Each structure stands twice: as C-alpha cells, then as structure tokens.
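Each chain, written out:
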Amino acid sequence: MTTNIQPRLTQVFRFVRCSYADGVAELVYAFDHGEELIERVRFPQAPALPASHQAAFDAALRMLHLIAGVSYYKAGVPPRIEVAGGPLDDATADLLDALYLHGLAEFAYRNGLDLRGRIAFPRGAAAQPAAKALNLPQRTLVPIGGGKDSLVAVEAIKSIGGEATAVWVGNSPLIAACAERTGLPMLNIQRELAPGLFELNRLGAWNGHIPVTAVNSAILAVAALLYGYDSIAFANERSASAATLEYEGQLVNHQWSKGYVFEQLLGDWLHQHVAADLTYCSLLRPYSELAVTRAFAKLTPYFDAFSSCNRNFKLLGPKPADRWCGQCPKCHFVFLALAPFLAKPRLLSIFGRNLLDDENLAAGFDALLEYQDHKPFECVGEGAEARAAMFALSQRPEWQEDALVNRFRNEILPQLDASELALEPWLQASGEHRIPARLLPALAIFA
Ligand SMILES: CC(=O)N[C@H]1[C@@H](OP(=O)(O)OP(=O)(O)OC[C@H]2O[C@@H](n3ccc(=O)[nH]c3=O)[C@H](O)[C@@H]2O)O[C@H](CO)[C@@H](O)[C@@H]1O[C@H](C)C(=O)N[C@@H](C)C(=O)N[C@@H](CCC(=O)O)C(=O)O
Ligand SMILES: Nc1ncnc2c1ncn2[C@@H]1O[C@H](COP(=O)(O)OP(=O)(O)OP(=O)(O)O)[C@@H](O)[C@H]1O
C-alpha cells in the first residue's frame, strides 16, 4: 500500500465511517483527502445480535471507532477533527477530548508537542435519553494481559464461583497460554491495525505511546453486547492513577487510560449511552501494585506462564528470547515488587537471574525509586512503593548483600525519611472503586 500524504503536514483528521458485519468491525479513518486507513476487529463466532440490542451496539461501535482513532490521529495531530455522522453530545466529546489529551500526554511530551487547545471533538448534538437496561446475563469478561494483575483478577472471581470468560485482544501466544492456564472459557478477539499506519510511520509520522487500555476497553464493550455479558472487569491497580511526571503544569501519566478518571468517564458513558446494566470497572482499583504482587505471590500455578515484560507484546519486530528480558522497567519493577512476598530462590527461578545483584541495572532501579530520575514511562508502581519494597529487602539478611540493595542501604536510604518507608500502608485497600456488589466478595483474595 502507498499513501500520498505527509502526515505531519495534514490539516484534518477524519473519522470516515464504521460498520459491522459477520463478526468483523471496520473502523475507517483518513487525513485530509488521503487514502483510507482501515482497522479491523474480528469477533470470533459472534452470535446474531438481538434486535433489542441494536441501538446499544451501534453506540458502542461508534465509541470504539472514536477511541481507536487515537492510533491514527497521533500520526499527524492536525488542527481539525471531523466526525462522520455529525457532532457529538457533550458527554461523548468530553470523554474523547480528555482521552486524546491525557492519553497522548506522554506522546506529546516526548515529541516536544503541546496538544492543549488543539484537541476539540465536534460537539453540539442534543444529549440522548438515558440508556435502558438490556437484561444482560450476569457474567463477566475478564481481560487477560499476560501479566500478574489480570491473573489476580481471574482468581478473585473464581474464588467466589463467578461466571467469567478470559478474553484477550491480539495474537500473543504468551497471553493465550495464560488464558488457558486460568481454566476459564476463552475468547480471543483479533485486532488488525491499518497497514497504512506503518507506511505513515515510515514516511515520518509522529509516533509514540497511545492509551491502549482505552482501545481494549472499547473493544470489550462491543464484545459484551455481542456475546452477552453484564460486566467487564479490568485489573487496573490504584497505582496506575499516579502521574509519571509533571511538565509545564501538565501531568503526564503513561498509564492514563488504566487510571480511575478514565474508568469513571467510560463507565458513566456506557451506563448513559449503551446499557444501564453494563458495568465497566477495575477489580484491582482499591489496591496498590504491592498489594497485587502480594496476592499474586500465592498463585504458584502461573509462575511458569506469566510475563509482565511488554517487549513480548510488540506487534512488529523480534520478541525477546526469554519471557523476561531483564532489561526493561517492567522486569525491574515486578522483580522488586514480588521480592518481599516470595522466597528468594522461587523469585530467581521465575526470572532466571538476580536483577538486584547486577550493578549494571543501577540506573534502572534508581528511576523506579525516583532517585535522580523520574518514574519510567512504563506500567510500574509509584516511586514511594518501590522505595518501601527496597527498604523491606534492605532489612532482610538474604537480600541485603545483593549489589543494588546494598547500594540502596549505603547511598540512598540515608537521604530518605524512614517514617515513609513502611510496607504495610501499601497493603491496605482504598475505598475508591466502582466494583459492583456482586463482585465485591472476590476481594477476599487480598486478605
Ligand atoms: C508492545 C509495546 O510496548 N509497544 C509500544 C512500542 O511499540 P513499537 O513501535 O516498539 O512496536 P509495536 O508494538 O510492534 O507497534 C508498532 C507500531 O504500531 C503502532 N501502534 C501499535 C499499537 C497500537 O495500539 N497503536 C499503534 O499506533 C505504533 O505506531 C507502533 O510504533 O512503542 C510504541 C510507541 O511508543 C507504543 O505505542 C507501543 O505501545 C503499544 C500501543 C502497546 O500495546 N503498549 C502496551 C504494552 C502498553 O504500553 N500498555 C500500557 C497501558 C497504558 C494505557 O494507558 O493504556 C501499560 O502497560 O502501562
Ligand atoms: N491484549 C490484551 N487484551 C485484553 N486486555 C489486555 C491486553 N493487554 C492488557 N490487557 C488488560 O489491560 C489491563 C492492564 O494491563 P497490564 O499489563 O497492567 O496487566 P497484566 O498484564 O495483567 O499485568 P502486569 O502489570 O503484570 O503486566 C489488565 O486488565 C489487562 O488484562
């Protein structure tokens, strides 16, 4: 495929159309009057949609079109956005303005762009009457990401006998293996980005991080209506709401669409515009990363299958030879966050090496501790919880002689306030969440 435009010079980003037939959603975009960029999402063995669900489905599909556009919009960030079908109501435009601004904040920061005042979805349509309940079956889609968080969510729901399906987007064999290990029924949805995007990348498009959890969330909202589920339970922890850094008055959070603000925006929007009985929530929202790793440390059957290392999940290019590359911030953080809760030999057998005894990794761990650096642009816990984990290790004989723990004790610890280093406060739940009453007993897994 060839394309006839220079993405950075474009004036308009157009949401051209979206459609659904025979299990395939087509999401179509274009810059100016350039070639169409068509993303396809394939829902396997999708049953026929009951007529009573059609309006809800159309609303969810349109939202998926609008949200998934973020991958393409970022290639050019032109000054104008046009939406087929006319302007949006305020709630829809508010959600999208927020998602594109905050979900692309890391992209903007790293490219030296300022998107404030640039992103404005067309608005002005009258608000719709509130959506009715569709009597959706009481069962839950549990998205699987291949890492520890979603597996904790799965086991939490299994522990109360909740009816659930392990669902994932894309074709990662690692995620498929984790989903299989859960023993739950499985659903694998395929997503094909428009090939024209990679061509635009080659032509010098802007590129960078996008809020992919929002895209997966919108795909799963469509899936919930197609297959009949009343709830979608993500595994986004409390720590995901904390910003990575602040820059010229703007908070930049790599994990913005995993955060609580986005969860509230999309959850409310789905209630209002799609179905009053469709719940979108995160089962892990009350908990920090450390509370989640403590719960995961008991789930031994997953130890030889899971990986949190995002290098496994690239669409293009080679994957790491090992499930844990050992070099990236996710590998470093998960090693550190599991260490207080697992016997040391067990942890080393998961990673195949001792990352805390490798002086070459000092800078990587310093960034996690927010020592002489900011938190990495990755899905890692807060600096303060990384410091609490490192402090706990520095008090344990089996860890304290390892190179980076020893360095922490001698060099970093004397500069810290000891009263802020306890592990226990990180293990407490907060009250901020949207988990429905039916699933609340599942949180006993954190006891
Ligand atoms: C796997 C990964 O981390 N990919 C990021 C990486 O992409 P890269 O160029 O190295 O390779 P590919 O993943 O093969 O992607 C090729 C290009 O495709 C475009 N693209 C891909 C997926 C997509 O949904 N939209 C896209 O536009 C893009 O142009 C790629 O270059 O670096 C990219 C640039 O910084 C990132 O955009 C890729 O991140 C993926 C979207 C991704 O799935 N990342 C997740 C592992 C991730 O970051 N999850 C976050 C969730 C945060 C949130 O708010 O949702 C997390 O775990 O914290
Ligand atoms: N390919 C995917 N399909 C569906 N959901 C996904 C996918 N990748 C990630 N998710 C979901 O997005 C949320 C955030 O992903 P995240 O990577 O933090 O979780 P994880 O892989 O379970 O754990 P870890 O933090 O150890 O990587 C989780 O609910 C996860 O299940």
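Residues numbered from 1 in each chain as written. Chains lettered and ligands numbered in written order. Predicted model: local features only at pLDDT ≥ 70, side-chain atom pairs only at ≥ 80, totals over all residues. Heavy atoms only, no water.

Draft legend 1. Just the overall build of the chain, in detail. Helix and strand counts for the chain come out as 15 helices and 11 strands. What you see for the chain is a C-alpha radius of gyration of 22 Å, in line with the 22 Å of a compact globule of 447 residues. Taken along the three principal axes of its C-alpha coordinates, the chain extends 65 × 50 × 40 Å. Within the chain, buried positions represent 57% of all 447 residues. For the chain, long-range pairs separated by at least 24 residues make up 72% of all intrachain contacts whose partners lie at least 6 apart in sequence. Surface summary for the chain: the accessible area is close to 17700 Å², and the carbon and sulfur share equals 51%. Looking at charge distribution, the chain has the averaged site of its 39 positive side-chain charges lying 3 Å from that of its 47 negative ones. (Helix = DSSP H or I, 4+ residues; strand = E, 2+ residues; numbered from the N terminus. Rg over C-alpha atoms; globule rule 2.2 N^0.38 Å. Buried < 20%, exposed > 50% of the residue type's maximum accessible area, 1.4 Å probe, protein only. Contact = heavy atoms within 4.5 Å. Areas by Shrake-Rupley, 256 points an atom, 1.4 Å probe, with all protein chains shown as cover. Lys, Arg positive; Asp, Glu negative; His and termini not counted. Charge placed at Lys NZ, Arg CZ, Asp CG, Glu CD.)

Draft legend 2. The arrangement of the site of ligand 2 in detail. The local shell around ligand 2 holds 19 residues, among which P143, S150, K258, S308 and K330 are the closest. Residue K148 places a main-chain N or O atom 2.9 Å away from an oxygen atom belonging to ligand 2. Relative to its free-state accessible area of 590 Å², ligand 2 is covered by the protein chains to the extent of 91%. It is helix α5 (residues 148-159) that contributes the most residues to the shell around ligand 2, three residues altogether. (Near = heavy atom within 4 Å. Polar contact = N/O pair within 3.5 Å; in protein donor to acceptor, adjacent residues only side chain to side chain.)

Draft legend 3. Layout of α5. Taking 1.5 Å of rise per residue, the 12 residues of α5 would be expected to cover 16 Å, and the 16 Å separating its terminal C-alpha atoms lies within 8% of that figure. The element α5 is extensively covered by neighbouring structure, given that 10 of its 12 residues are classed as buried. Those residues of α5 that sit buried are K148, D149, S150, L151, V152, A153, V154, E155, A156 and I157. The elements touched by buried residues of α5 are β5 (140-143), β6 (164-169), α6 (173-182), β8 (231-234), α10 (289-296) and α11 (329-338). G161 occupies a position one or two residues after α5 and carries a positive phi of about 65°. (Expected span 1.5 Å × (residues − 1).)

Draft legend 4. Structural view of the sheet that holds strand β4 (residues 80-83). Judged by pairing direction, the sheet is mixed, and its nine strands sit side by side in the order β4-β1-β2-β3-β7-β6-β5-β8-β11 without closing on themselves. With partners counted over all chains shown, the strands left at the sheet margins are β4 and β11 (279-282), one partner each. Shown here is a sheet whose adjacent strand axes are inclined to one another by a mean of 20°, direction ignored. (Pairing = 2+ DSSP bridges. Axes fitted to C-alpha atoms, helices over the stretch in contact; angles between N-to-C directions.)

Draft legend 5. Just the domain arrangement of the chain, in detail. Each assigned domain of the chain is listed here: domain 1 (7-282) and domain 2 (308-427). Between domain 1 and domain 2, the C-alpha centre-to-centre distance is 31 Å. Contact with domain 1, which involves 23 residues of that partner, is made by 18 residues of domain 2. Of the roughly 1600 Å² buried where domain 1 meets domain 2, counting both sides, 66% is carbon and sulfur surface. Viewed at the interface, domain 2 and domain 1 are joined by zero salt bridges. Inspection of the region where domain 1 meets domain 2 yields three residue pairs in polar contact (both at pLDDT 80 or more). Within the residue set of the side of domain 1 that touches domain 2, elements represented by two or more residues are α4 (105-111) and α6. Its residues assigned to classes, the side of domain 1 that touches domain 2 shows nine nonpolar, eight polar and six charged. (Domains from an automatic or database assignment. Buried area = accessible area lost by both parts, 1.4 Å probe. Salt bridge = Lys/Arg side-chain N within 4 Å of Asp/Glu carboxyl O. Nonpolar A, V, L, I, M, F, W, Y, C, P; charged D, E, K, R; others polar.)

Draft legend 6. Spatial organisation of the side chain of T279. Considering the arrangement of structural elements, one finds T279 in strand β11. Judged by its relative accessible area of 17%, T279 falls in the buried class. Setting aside residues up to four positions removed in sequence, T279 forms contacts with D230, S231, I232, H271, R434 and P436.

Draft legend 7. Fine view of the UniProt feature "domain: MurL N-terminal" (unreviewed entry) in the chain. The feature "domain: MurL N-terminal" (unreviewed entry), as given by UniProt, occupies residues 7-283 in the numbering adopted here. End C-alpha to end C-alpha, residues 7-283 measures 39 Å, and it is 37% helix and 21% strand. (UniProt positions renumbered as here; feature names shortened; annotations may be inferred.)

Draft legend 8. Up close: the pattern of salt bridges. In total, this model carries 26 salt bridges according to the counting rule given. In this structure, the salt-bridge partner of K148 is D149, at a minimum N-O distance of 2.7 Å. The two residues K148 and D149 agree in class, both being buried. Among the salt bridges present, the one from R407 reaches D366, with a minimum N-O distance of 2.8 Å.

Draft legend 9. Local environment of helix α15 (residues 403-412). All buried positions along α15 are accounted for by A403, L404, V405, F408 and I412. Buried residues along α15 sit against α13 (362-368) and α14 (383-394).

Draft legend 10. Layout of the nonpolar core. Counting residues in each nonpolar core, the largest one holds 80 residues, and the members touching the most others are V152, F296, L356, F365 and F446. If you tally residues by element for this core, the top one is α11, at seven residues. Lining this core are residues from two domains, each supplying at least three of them: domain 1 (7-282) and domain 2 (308-427). Not counting chain neighbours up to four residues away, the residues in contact with F446 comprise V152, L284, Y287, A291, V292, R294 and A295. In this structure, F43, V83, L99 and Y227 belong to the second largest nonpolar core, which totals 78 residues. (Core = buried A, V, L, I, M, F, W, Y, C linked by side-chain atoms within 4.5 Å.)

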